[in-house]
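Listed below are the residues making up each chain.
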Amino acid sequence: MSDTTMQPSGSQGVSRRRFIAGTGSLLGAAALVGHGTAAHAATVAQAAPIGDGAHVPVLVVGTGYGGSVAALRLAQAGVDVQMIEMGMAWDTPGSDGKIFCNTTAPDYRSYWLRTKTKQPLSNFFGIPIDKDIPRYTGILDAEDFSGITVYQGRGVGGGSLVNGGMAVTPKRENFGAILPSVNPDEMYNTYYPRANAGLGSGLIDPAWFDTVDCYQFARVGRKQAGRSGFPFVFVPDVYDWDYMKQESAGTVPKSAVAGEILYGNNYGKKSLQKTYLAQAKSTGRVTISPLHRVTSVSPGSGGYTVVIEQLNTNGDVTATKTVTSDKVFFAAGSVGTSKLLVKLKATGALPNLNGEIGRGWGDNGNVMCGRANYLWDPTGTVQASIPCGGIDNWNAGGAFAEVAPLPTGIETYASFYLSITKNPNRGTFTWNPAAGRVDLDWQTAWKQASIDMAKTIFDKINATEGTIYRTDLFGVYKIWNDTLTYHPLGGAVLNKATDNYGRLYGYPGLYVIDGSLIPGNTSVNPFVTITALAERNIEKIIAADLT
């Protein structure tokens, strides 16, 4: 298969007949999505990046979940798509022969333009573990705002490169609080199943889980949850579970069993590079320009004028390009899309965006903690980096706790958790003209609600087990990591900043199609909901707008 640059001189419309034909291929491709391999993705040749002065029918800003869905479905409907990605392609091995570095040994590939790592677990036995690294366009961005650090994936595939792959569909009873303007029947009957098929999600084999050494940590978590009366639920993941079994048996190169997760996974994880993006590129209608950053979008003759900076691996701007596009999809993630739209509204590029731009941002209620177990409850020296289950106290206490790995390579006797909570607090992005940047109004004190909700689980487990919290993982005598989120959501909320399908008010042909549409909380890990909402929205947009 090939990946060719499609840059026609004029607009390319899509007739209803072409759209119907495209949906036929869509259904056929849906059966294939999720079965890509690293070798398959590597065989797709990358075309030259977008050129100055180019005109494209559709430009997608970002290559995460929403952008990848949009690109695939548009391409299957006969539309040529140019994707712009600020991060790298992550398709070239380093000096160690691997594309991604290991969680326990972060190097130049680990962080986005930092000179020192900023690991979520910053201390071990009270000793700081962050270290100096060369400045490089690495895979994980720890973006600091007032009161919170937001972790985001940088590269083709966005957050799918760095997350734990927990592919959770929210309970239907909770959906009305997540997206009140969206028909739940459509989501649960059509778009969630479509998203899970496209992502390649699947459950761990429970019988294998019960015996394998690399999930001893999760079995301890299940046992302790049960003794305190909490349900432990297995959660789907987009890891290749057959590969995981082979890793554990030692018959294939190790990846998750070797602790790879935070800075990428070299083998078994089905990131977007292997699923939606591989399918999109195989159409021959999708081109991706890595190390490119959109700085401006404004109305112009022949569509929208888009200004793009090209970067090198030091983060320097090496070229500035101006292109035009008939339609632009903002898919740079909750933070990226929100920051860009707030800037464009405030600086006059898109002054007619409404007052909801930048509002409704939340952290999905993320907090982290660890507990110290007794010597008779070891959690294992070998821990798969892919989580497979969690503790559900959402209805009673407002918290769902992922039983997370702590893959240090030594026995820690520690249970580690990432909680998602029903935190009601919401932040706002605003333009700071003096500094020439977008700020986020967020206060660390707002995390107390999340801590209180998470404590409904862990205080009870500690009381039942006679155990205590670990105080050495996030600083000196600090129990909770309450200064971070892995799950940024909101900032361009559906049916407020946009219409009910992501169309930006005031500007026909501009769309939002990522996590910024979701107002701050999904009750579970959010990427399946982001994907399913994108599937819903792009189907409507293709049918109604591309005629």
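Here is what the cut-offs are and how they apply
- Residues numbered from 1 in each chain as written.
- Predicted model: local features only at pLDDT ≥ 70, side-chain atom pairs only at ≥ 80, totals over all residues.
- Heavy atoms only, no water.
- Helix = DSSP H or I, 4+ residues; strand = E, 2+ residues; numbered from the N terminus.
- Contact = heavy atoms within 4.5 Å.
- Polar contact = N/O pair within 3.5 Å; in protein donor to acceptor, adjacent residues only side chain to side chain.
- Buried < 20%, exposed > 50% of the residue type's maximum accessible area, 1.4 Å probe, protein only.
- Pairing = 2+ DSSP bridges.
- Core = buried A, V, L, I, M, F, W, Y, C linked by side-chain atoms within 4.5 Å.
- Disulfide = S-S within 2.5 Å.
- Axes fitted to C-alpha atoms, helices over the stretch in contact; angles between N-to-C directions.
- Left-handed = near helix turned anticlockwise from the far one by under 90°.
- Nonpolar A, V, L, I, M, F, W, Y, C, P; charged D, E, K, R; others polar.
- Bend = angle between axes of the 7 residues up to and from the residue.

**Q** How would you explain the environment of Thr-522 if you had to name every residue and give the values?
**A** Structurally, Thr-522 is set in the loop between strand S20 (510–512) and helix H13 (527–545). Note: C-alpha distance between Thr-522 and Leu-440 (82 residues apart in sequence) is 20 Å. Among residues more than four places away in sequence, those in contact with Thr-522 are Pro-170, Ile-178, Asn-364, Leu-489 and Thr-529. A polar contact is formed between the side chain of Thr-522 and the backbone oxygen of Val-524, at a distance of 2.5 Å.

**Q** Any details on the pairing of strand S13 (residues 389–393)? Residues and values, ideally.
**A** Note on strand geometry: in a regular strand, side chains alternate between the two faces of the sheet. Burial runs high along S13: five of the five residues are buried. Burial of S13 is two-sided: the residues Gly-389, Ile-391 and Asn-393 facing one way and the residues Gly-390 and Asp-392 facing the other way are all buried. With three bridges connecting them, strand S7 (residues 232–234) and S13 associate as antiparallel partners. Bridging across to S13, Phe-232 finds its partner in Ile-391. Of the strand pairs in this sheet, S13 and strand S14 (residues 399–404) are connected by four bridges, and their pairing is antiparallel. Each residue of the ladder has a partner; that of Asn-393, found in S14, is Ala-399.

**Q** Just give me the short version of the nonpolar core, but keep the residues and values in it.
**A** In this structure, Leu-59, Leu-74, Phe-329 and Phe-330 are the most contacted members of the largest nonpolar core, which totals 89 residues. In terms of residues, this core owes the most to one element, H13, which gives nine residues. Formed by 67 residues, the second largest nonpolar core is a distinct cluster that contains Phe-124, Leu-161, Phe-209 and Ile-391.

**Q** How would you sum up the side chain of Thr-149? Please name residues and give values.
**A** Among the structural elements, Thr-149 can be located in strand S6 (residues 148–153). Looking at Thr-149, its side chain comes within polar contact range of the side chain of Lys-118, at 3.3 Å. Ignoring anything within four residues of it in the chain, the contact list for Thr-149 reads Lys-118, Ala-142, Glu-143, Asp-144, Thr-483, Leu-484 and Thr-485.

**Q** Mind laying out unusual backbone geometry, listing which residues take part and the relevant values?
**A** Residue Leu-113 is not a glycine yet carries a positive backbone phi of 50 degrees. Summarising the element assignment, Leu-113 is placed in the loop between strand S2 (81–84) and strand S3 (123–124). Its identity is not glycine, yet Asn-495 carries a phi of approximately 70 degrees, on the positive side.

**Q** Would you mind going over the pairing of strand S5 (residues 140–145) in detail, with residue names and values included?
**A** For S5, the tally of buried residues reaches five of six residues, placing the bulk of the element in the interior. Looking at chain direction, S5 and S6 are connected through six bridges and run antiparallel. Bridging from a neighbouring strand, Glu-143 pairs with Val-150 of S6. Where S5 hands over to S6, the hairpin turn is made up of two residues, of which Gly-147 adopts a positive phi near 90 degrees.

**Q** Break down the state of the cysteines for me, citing the residues and quoting the values.
**A** Taken as a whole and judged by the stated rule, the model has zero disulfides. Considering cysteine sulfurs only, Cys-388 is the nearest to Cys-214, which forms no disulfide, with 8.7 Å between them. A relative accessible area of 0% places Cys-214 in the buried class.

**Q** I'd love a proper account of the packing of helix H3 (residues 65–76) against H13, names of residues and values included.
**A** Where H3 meets H13, the closest approach of the two axes is 8 Å, and the angle between their N-to-C directions is 35 degrees. Where H3 crosses over H13, the two elements pack in a sense that is right-handed. Along the contact surface, H3 presents Tyr-65, Gly-66, Val-69, Ala-70, Arg-73 and Leu-74, while H13 presents Phe-527, Ile-530, Thr-531, Ala-534, Glu-535, Ile-538 and Ile-542. Of the residues that constitute the contact of H3 with H13, the class distribution is nine nonpolar, two polar and two charged.

**Q** A description of the sheet that holds S7 should follow, citing residues and the corresponding values.
**A** Judged by pairing direction, the sheet is antiparallel, and its six strands sit side by side in the order S7-S13-S14-S15-S12-S18 without closing on themselves. Strand pairing shows two members of the sheet lacking a second neighbour, S7 and strand S18 (468–469), which therefore form its edges. In this structure, strand S12 (residues 367–372) lies alongside strand S15 (residues 414–421), joined through six bridges in antiparallel fashion. Bridge assignment links Cys-369 to a residue of S15, and that residue is Tyr-417. Across the face of the sheet, helix H12 (residues 448–465) comes into contact with S12, S13, S14, S15 and S18 while running at roughly 10 degrees to S12.

**Q** Can you lay out helix H5 (residues 184–199) for me, pointing to particular residues and giving the numbers?
**A** Most pronounced at Tyr-191, the bend in H5 amounts to some 35 degrees, and the proline Pro-193 follows within four residues. Within the span of H5, buried status applies to Met-187, Tyr-188, Tyr-191, Tyr-192, Arg-194, Ala-195, Asn-196, Gly-198 and Leu-199. Where the residues of H5 are buried, they touch H3, helix H4 (172–178), helix H9 (276–282) and H13. Two or three places before Asp-185, at the opening of H5, Asn-183 has a side-chain oxygen 2.8 Å from that residue's backbone nitrogen. Once H5 finishes, Gly-200 follows within two positions and takes phi at roughly 75 degrees, a positive value.

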